[in-house]
Amino acid sequence: MRFEDKGVIITGATGGIGRETCFQFAAEGASLAVTDLDLELAERLAAEIRAQGGKATAYQLDVTDVDRTVEVVAAAAADLGSLDVAFCNAGIREIVPAQELSIEEFRRVIDVNVTGVFTTAQSVAKHFIAAGKGGAIVNTASTLGVVAANARCAYASSKHAVVGMTKALAMDLSLHNIRVNAIGPGVIRTPLTERYFQDPEMHEKIKRLHAMGRAGYPPEIAKGVLYLASEDASFCTGTHLVIDGGWTAGKTM
Ligand SMILES: NC(=O)c1ccc[n+]([C@@H]2O[C@H](COP(=O)([O-])OP(=O)(O)OC[C@H]3O[C@@H](n4cnc5c(N)ncnc54)[C@H](O)[C@@H]3O)[C@@H](O)[C@H]2O)c1
């Protein structure tokens with residue numbers, strides 16, 4: 001039980017990776033602030049966690065709303081009694097060739113995936129510093145924080161930024177005993193990617209993309225998140241833990 005008496009806030013909590021991570025944190029004793037765009041979905045997830053014996057409270061949060069982000073972090077700290085971990089996970093992506101991508105869509109992806117991670121991490125860091133006891137922040141990056149893919153210019157830009165931001169946050173916050181790391185999933189079967197699996201040709205491409213010949217599953221990412229958030233990773237900050245079945249290891253010739 002690595003998170004007994006620990007408060008954990010999660011953004012984008014009701015999606016594929018967020019949801020599974022919530023259950024793994026709850027199983028290890030954490031009290032959860034389950035946040036997402038849709039309050040009803042967040043409340044349903046919090047109720048499921050409580051029904052399994054976990055501790056969870058739901059909050060509506062759009063991470064592009066800075067004032068609301070500050071408000072929810074403060075509310076979560078008060079409601080949970082202690083705030084020790086943040087999983088900045090909310091994210092969106094486009095599938096449009098760069099030459100056809102509108103500036104509005106580009107800005108929207110950057111706003112959610114980059115600015116949203118920054119404002120969540122900054123709000124939580126201020127809280128950790130005021131509370132004087134350190135903490136851990138895990139940001140969701142991607143293999144597309146390391147390499148690019150066609151038709152994902154905004155997304156790849158945003159995830160490269162998350163990898164850089166994680167290092168920069170780690171530099172500023174380590175003196176306050178706050179560790180900041182990122183997780184880099186390969187293709188994981190979630191609502192974000194489900195359409196790939198409905199298309200046999202695309203599904204084959206996904207298999208070939210990964211050296212292990214398959215996509216990953218949310219529990220395989222959640223385990224990495226819990227590692228980075230826990231004392232098991234006590235000497236780990238500014239890193240990007242890629243969990244991608246060998247996608248970025250190389251290409252098959
Ligand atoms: N699934 C993959 O293959 C994969 C691979 C690499 C990285 N990721 C990243 O993992 C994270 C989670 O993705 P997922 O696959 O679980 O996707 P998902 O679509 O299932 O979940 C994303 C969640 O983010 C929430 N969200 C979207 N915009 C938001 C906003 N403005 N404010 C707050 N919440 C918002 C959604 O409501 C949803 O709950 C994302 O950052 C994504 O980029 C996913």
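The coordinates are above.
Quick look at the structure, then. (Residues numbered from 1 in each chain as written. Predicted model: local features only at pLDDT ≥ 70, side-chain atom pairs only at ≥ 80, totals over all residues.)

### Brief notes about the overall build of the protein chain
Note the threshold: Secondary structure counts use DSSP, requiring at least four H or I residues in a row for a helix and at least two E residues in a row for a strand, with both numbered from the N terminus. Restricting the calculation to C-alpha atoms gives the radius of gyration, and the globule rule supplies 2.2 Å times the number of residues raised to the power 0.38. Here a residue counts as buried when 20 or more other C-beta atoms sit within 10 Å of its C-beta, as exposed when there are 12 or fewer, and as partly exposed otherwise, the C-beta atoms being derived from the backbone. Here the contact rule is simple: place C-beta atoms from the backbone, and any two residues whose C-beta atoms are within 7 Å are in contact.
The helix and strand inventory of the protein chain stands at eight helices and seven strands. Scaling as 2.2 N^0.38, a compact globule of 253 residues should have a C-alpha radius of gyration of about 18 Å, and the protein chain matches this with 17 Å. Judged by the C-alpha coordinates and their principal axes, the protein chain covers about 50 × 35 × 35 Å. Among the 253 residues that make up the protein chain, the fraction classed as buried is 47%. Excluding contacts between residues fewer than 6 apart, the proportion of contacts in the protein chain whose partners are at least 24 apart in sequence is 71%.

### Focus on unusual backbone geometry
Phi is positive for A151, close to 65°, though the residue is something other than glycine. Among the structural elements, A151 can be located in the loop between β5 (135-140) and α5 (153-173). When the 15 C-beta atoms within 10 Å are taken as the criterion, A151 is described as partly exposed. One non-glycine residue, N177, adopts positive backbone phi at about 65°. As for its placement among the helices and strands, N177 is situated in the loop between α5 and β6 (178-185). For N177, a count of 13 C-beta atoms within 10 Å gives the class partly exposed.

### Notes on the environment of T239
Looking at the secondary structure, you find T239 in the loop between α8 (218-229) and β7 (240-243). Judged by the 18 C-beta atoms lying within 10 Å of it, T239 is partly exposed.

### Comments concerning the site of the ligand
Operational definition: Whether a residue is near a molecule or strand depends on its C-beta atom, generated from backbone atoms, being within 6 Å of that molecule or strand. Basically, the charged four are Asp, Glu, Lys and Arg, the nonpolar ten are Ala, Val, Leu, Ile, Met, Phe, Trp, Tyr, Cys and Pro, and anything else, Gly included, counts as polar.
Residues in close proximity to the ligand total 29 residues, the closest being G12, G15, A90, G91 and L192. Of all the elements in the fold, those that place two or more residues in the shell around the ligand are α1 (16-27) and α4 (103-131). When residues of the shell around the ligand are assigned to their parent elements, the largest contribution, three residues, is made by α1. For the shell around the ligand, the residue count by class is twelve nonpolar, 14 polar and three charged.

### Description of the sheet that holds strand β2 (residues 31-36)
To keep it simple, the criterion reads: Being paired, for any two strands, means DSSP has found at least two bridges between them. In this description, a line fitted to the C-alpha atoms serves as the axis of each element, helices being fitted only across the stretch in contact, and the angle between N-to-C directions of two axes falls anywhere from 0 to 180 degrees.
The seven strands lie next to each other as β3-β2-β1-β4-β5-β6-β7, forming an open sheet whose pairing is parallel. Either end of the sheet is taken by a strand with one partner, and the two such strands are β3 (55-60) and β7. With direction set aside, neighbouring strand axes in the sheet form an average angle of 20°. Where strand β1 (residues 7-10) meets strand β4 (residues 85-88), three bridges bridge the pair, whose relative direction is parallel. Bridge assignment links I10 to a residue of β4, and that residue is F87. The strands touched by helix α2 (residues 39-51) within the sheet are β2 and β3, with β3 carrying the most contacts at an inclination of about 180°.

### Things to note about the nonpolar core
Rule in force here: By our criterion, buried Ala, Val, Leu, Ile, Met, Phe, Trp, Tyr and Cys residues that link up through C-beta atoms within 7 Å make up a nonpolar core.
Counting 72 residues, the largest nonpolar core has V8, L32, V34, A121 and I137 as the members making the most contacts within it. Beyond its immediate sequence surroundings of up to four residues, V34 is in contact with I10, A13, C22, A42, L45, A46, A56, T57 and A58.

### Notes on the environment of Q52
Along the polypeptide, Q52 turns up in the loop between α2 and β3. When the C-alpha atoms of Q52 and A27 are compared, they prove to be 8.8 Å apart, with 25 residues separating the residues in sequence.

### Here's the deal with α1
Put simply, the test is: One less than the number of residues in a helix, times 1.5 Å, gives the span that helix is expected to have.
Helix length check: α1, at twelve residues, gives a terminal C-alpha distance of 17 Å against a target of 16 Å (1.5 Å per residue), a fit within 8%. Within α1, the full set of buried residues consists of I17, G18, R19, E20, T21, C22, F25 and A26. Two residues or fewer past α1, G29 is found with a positive phi of approximately 95°.

### Focus: the pairing of β5
Heads up, the condition is: Here the term right-handed applies to a crossover when the path leading from its first strand over the helix to its second strand runs clockwise, the strands being oriented away from the viewer.
With respect to burial, β5 is a largely interior element, six of its six residues being buried. Along β5, one buried face is formed by G135, I137 and N139 and the opposite face, lined by A136, V138 and T140, is buried too. Sheet analysis places β4 next to β5, joined by four bridges and oriented parallel. Directly across from A86, in β5, lies its bridge partner I137. Read from β4 through α4 to β5, the crossover connection turns out right-handed. Note: β5 against β6, six bridges, orientation parallel.

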